[in-house]
Amino acid sequence: MAGLLARYRRTGADVPFGNPLAAHDVAMEGYFWRFTQRDTGRVLIALAGINRAADGRWATLGMGAHPGGFLETAAHPVAGADPDDLGAFAGDAFRGTRDHLRVDLGPGARIDVRIVDRFEWPRRRFGGSSGFHTVPALNQYWHPWLLGGRVEGWAEVDGERWDLDGAQVYGEKNWGRGGFPEAWWWGQAQGFDDPRVCVAFAGGVVTAGPMRTEVTAVVVALPDGTVVRVGNPVFSPVRARVDDESWHLSGGSRRWSVEIRGEAQRGDAHVLPVPLPAQRRNVPGALEHLGGKVSVTLSHNGRCCLSGESHLAGLEWGGISRAHDELRRRESAGGDTQN
């Protein structure tokens, strides 16, 4: 039975009530942390993609900050992921677990924090991708495992030391058999009036063999600890309209309805790398804003239970061709092509 389960998980899928935090041994296993300080207006991100090539695993690493447009990325030649729990490792450059994150991409690009009093995804039958978690060999799965907590530690950002004590924290995983899908949209926000509120969404083109569909999932953590997840294509569909500078999501179920609006200036986006796992190299692949504006309205049985706004939201529109187009646009305009 254990062997059958291991083979099943190597397709990227998880059984109901399984553990999506453990590595699946697929082509790409992605780990992402985001820290928000409403009082200072600062946002910090850290990412690690643990990628599998024919000759072993390697890592896509990154650290970015707002304001200022700071971004440092690297391709690390050796890497590993924990097969039993959440864990991403790349030599001395990256170590991320449930309760500790340490990043060292060189002078001016370091993080060392502990995460305590974590508010993790409640134990449910499925993770953020809902029933799609059980479908083998999808090109992408998504799970927002950390919806809050208390941070203790610091970061070194472009020569400046940031005190991260008390920052809000969010963490997620994404993984798939071939890296990233051809197109996707994503967002995450804290920094609302109530620090217990956390909003995240992810959508894109999902494929498995001949199956091809477009799915968007939304997760909202409410002040009382309730976690609402909508986006099942049959029972709680969410529609997404995304362009260069706006994100509009709406939909829900019979009980819950949600509307999210995001805004950001195209030229302010960081251009983040995505891996080509088998080729051991990164390419520009995603336009991600670290300080966008998001408004969210969530209703239960027709009654509004959350209405809020954040000006420190993450907003992303992904796709390799889109990222290359944006870099060419910036180069022709004589601007900064990195962030």
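This text goes with the structure placed above it.
One structure accompanies this document, and this report is about it. (Residues numbered from 1 in each chain as written. Predicted model: local features only at pLDDT ≥ 70, side-chain atom pairs only at ≥ 80, totals over all residues. Heavy atoms only, no water.)

## Remarks on the environment of A79
Logical step 1: Within the fold, A79 resides in the loop between strand 4 (71-76) and strand 5 (80-81).
Logical step 2: Its relative accessible area of 22% is what places A79 among the partly exposed residues.
Logical step 3: Along the chain, A79 and D14 lie 65 residues apart, while their C-alpha atoms are 23 Å from each other.
Logical step 4: Contacts of A79, omitting those with residues within four sequence positions, involve I50, R57, W58, A59, F89 and A90. (Helix = DSSP H or I, 4+ residues; strand = E, 2+ residues; numbered from the N terminus. Buried < 20%, exposed > 50% of the residue type's maximum accessible area, 1.4 Å probe, protein only. Contact = heavy atoms within 4.5 Å.)

## Overview of the sheet that holds strand 6 (residues 87-90)
Logical step 1: Spatially, 5-6-7-8-9-11-12 is the arrangement adopted by the seven strands of the open sheet, whose pairing is antiparallel. The two strands at the open ends of the sheet, each matched to only one other strand, are strand 5 and strand 12 (160-163).
Logical step 2: Judged from the four bridges that link them, strand 6 and strand 7 (residues 94-97) form a sheet pairing that is antiparallel. Paired with G87 across the bridge in strand 7 is T97. (Pairing = 2+ DSSP bridges.)

## A short note on the nonpolar core
One recurring pattern in soluble globular proteins: nonpolar side chains tend to sit buried together.
Logical step 1: Ranked by internal contacts, the top residues of the largest apolar core, which has 35 residues, are W33, L44, F94, L101 and I111.
Logical step 2: Breaking this core down by element, the ones donating at least two residues are strand 1 (28-37), strand 2 (42-53), strand 3 (56-66), strand 6, strand 8 (100-104), strand 9 (109-116), strand 10 (141-146) and strand 11 (150-157).
Logical step 3: Beyond its immediate chain neighbours, meaning those up to four positions away, W33 contacts L44, I45, A46, L86, F94, G96, T97, L101, I115, W145, Y170 and G171. (Core = buried A, V, L, I, M, F, W, Y, C linked by side-chain atoms within 4.5 Å.)

## A few points about the pairing of strand 23 (residues 303-318)
Regular strands place their side chains on alternate faces of the sheet.
Logical step 1: Taken together, the five bridges between strand 14 (residues 184-189) and strand 23 define a ladder with antiparallel strand orientation. Counterpart to W185 in the pairing with strand 23 is W317.
Logical step 2: By the bridge criterion, 12 bridges tie strand 22 (residues 281-300) to strand 23 in an arrangement that is antiparallel. Residue H289 lies in a different strand from strand 23, and its bridge partner there is L315.
Logical step 3: Connecting the antiparallel pair strand 22 and strand 23 is a turn made up of two residues, with N301 showing a positive phi of about 50°.

## Topic: unusual backbone geometry
Logical step 1: Cis peptide bonds are those with omega within 30 degrees of zero, and the linkage from H66 to P67 qualifies with 0°.
Logical step 2: The topology assignment puts P67 in the loop between strand 3 and strand 4.
Logical step 3: Of note, D158 is a non-glycine position whose phi angle comes to about 55°, a positive value.
Logical step 4: Note on placement: D158 falls in the loop between strand 11 and strand 12.

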